[in-house]
Amino acid sequence: MTVQGNEFEFEIKASPTFSYLKVLLKQGQQIKTERGNMLAFEPTLEIQTKKAEKGFFKSLKRKFAGETFLMNYFHANHNGWLLLAPPFAGDLMHVPMNQGQSWIVFSGGYIASSTNLLQATGFQGFKKSFFSGENAFVLTITANEGPGDLFVGANGAFIEWNLEAGQILNCDNGHLVAMEASVHMDIKRVGGWKSTMMSGEGVICQLTGPGKVILQSRNPKEFAQWLFRMSPSSSSGGSGGASINLGSFMN
């Protein structure tokens, strides 16, 4: 079913396992997308590839957040549709952004957005990046120039929380997709030193409201490690051995 967002008409199809996004662009409209997510588009649309942010080093920082240095801009010379699909198996979500709202999007979660939504790549801090084992940088999407549409993707299914002021949620950082900028994040030990060292969890993210939090039901790194353990090893000498490039899952 087609939905009217703040800017675009769109439809999320094949949900929830192998979702893809169909965006209907009217003449003159433009959308920016993560490079590599394009599935198909009508010839009425024109594609341009540009730096993700204004300035070389700002775009380079985006690489450290697990996203791409370049982005694709699709401009509608006439009405037409665009299909987008992330490389992983999971679901897609529309996040309507109103004037003044800000969202933080974690590694691999960004799919596409309105061109007027500003992006900035920020350092999480040494504690959050080193002890959590995740990327040191995150994307902040801000609707300073008016309302717009943000689309994010999940490995697996989406899990959502609306945290009240002061309400706390503990989670694994690898399951984070996005959260409102009003949510405060800290890194905590999972328990005592024995639990921290032997539980397999190590440290957790402690999120404190107010604000909305979006999680994904599968941790990409854990999923990649599981695939590696379950797959035949090329070093075992078998003629049918297979190898897996873990980097494609962990980015």
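Residue positions are counted from 1 within each chain, in the order its sequence is given. In view of the model being predicted, local features appear only for residues whose pLDDT reaches at least 70, and side-chain atom pairs are presented and counted only at 80 or more, with totals across whole chains, interfaces and linings using the full set of residues. For the side-chain quantities, the full set of heavy atoms in the structure was used; hydrogens and water were omitted.

### Brief notes about the overall build of the protein chain
Selection rule: Segments assigned H or I by DSSP are reported as helices when at least four residues long, segments assigned E as strands when at least two residues long, and all are numbered from the N terminus. Burial here depends on accessible area, computed with a 1.4 Å probe over protein chains only, as a share of the maximum for the residue type. Under 20% is buried, over 50% is exposed, and the range in between is partly exposed. Two residues form a contact once any of their heavy atoms are found within 4.5 Å.
For the protein chain, the count of helices and strands is five helices and 20 strands. By the burial criterion, 41% of the 251 residues in the protein chain qualify as buried. Excluding contacts between residues fewer than 6 apart, the proportion of contacts in the protein chain whose partners are at least 24 apart in sequence is 74%.

### Let's talk about unusual backbone geometry
Cis rather than trans, the peptide bond between Ser15 and Pro16 has omega equal to 10 degrees. Mapped onto the elements, Pro16 comes out in the loop between strand S2 (9-13) and strand S3 (20-25). A cis amide bond links Gly209 to the next residue, Pro210, at an omega of 20 degrees. Tracing the backbone through its elements, the reader meets Pro210 in the loop between strand S19 (203-208) and strand S20 (211-216).

### Comments concerning the packing of aromatic side chains
Put simply, the test is: In this analysis, rings of Phe, Tyr and Trp, with Trp reduced to its six-membered ring, are considered paired at centre separations within 6.5 Å, and the interplanar angle assigns stacked below 30 degrees, edge-to-face beyond 60, and tilted for intermediate values. Ring-over charges, as used throughout, are those where CZ of Arg or NZ of Lys falls within 6 Å of the ring centre and within 35 degrees of the ring normal.
The full count for this structure, using the stated rule, is two aromatic pairs. In this arrangement the basic side chain of Lys50 is found over the ring face of Tyr73, its NZ or CZ atom lying 4.7 Å from the centre.

### A short note on the nonpolar core
Inclusion rule: Side-chain atoms within 4.5 Å link the members of a nonpolar core, which is a set of buried Ala, Val, Leu, Ile, Met, Phe, Trp, Tyr and Cys residues.
Within the largest apolar cluster, 19 residues are counted, with the highest numbers of intra-cluster contacts made by Val95, Met97, Val105, Ile141, Leu150 and Val152. Mapped onto this core, the elements with two or more residues apiece are strand S7 (70-76), strand S9 (90-97), strand S10 (102-105), strand S13 (137-142), strand S14 (148-155) and strand S17 (176-180). Leave out the neighbours within four places in its chain, and Ile141 touches Met97, Gln101, Ser102, Trp103, Val105, Tyr110, Leu117, Leu118, Gln119 and Leu150.

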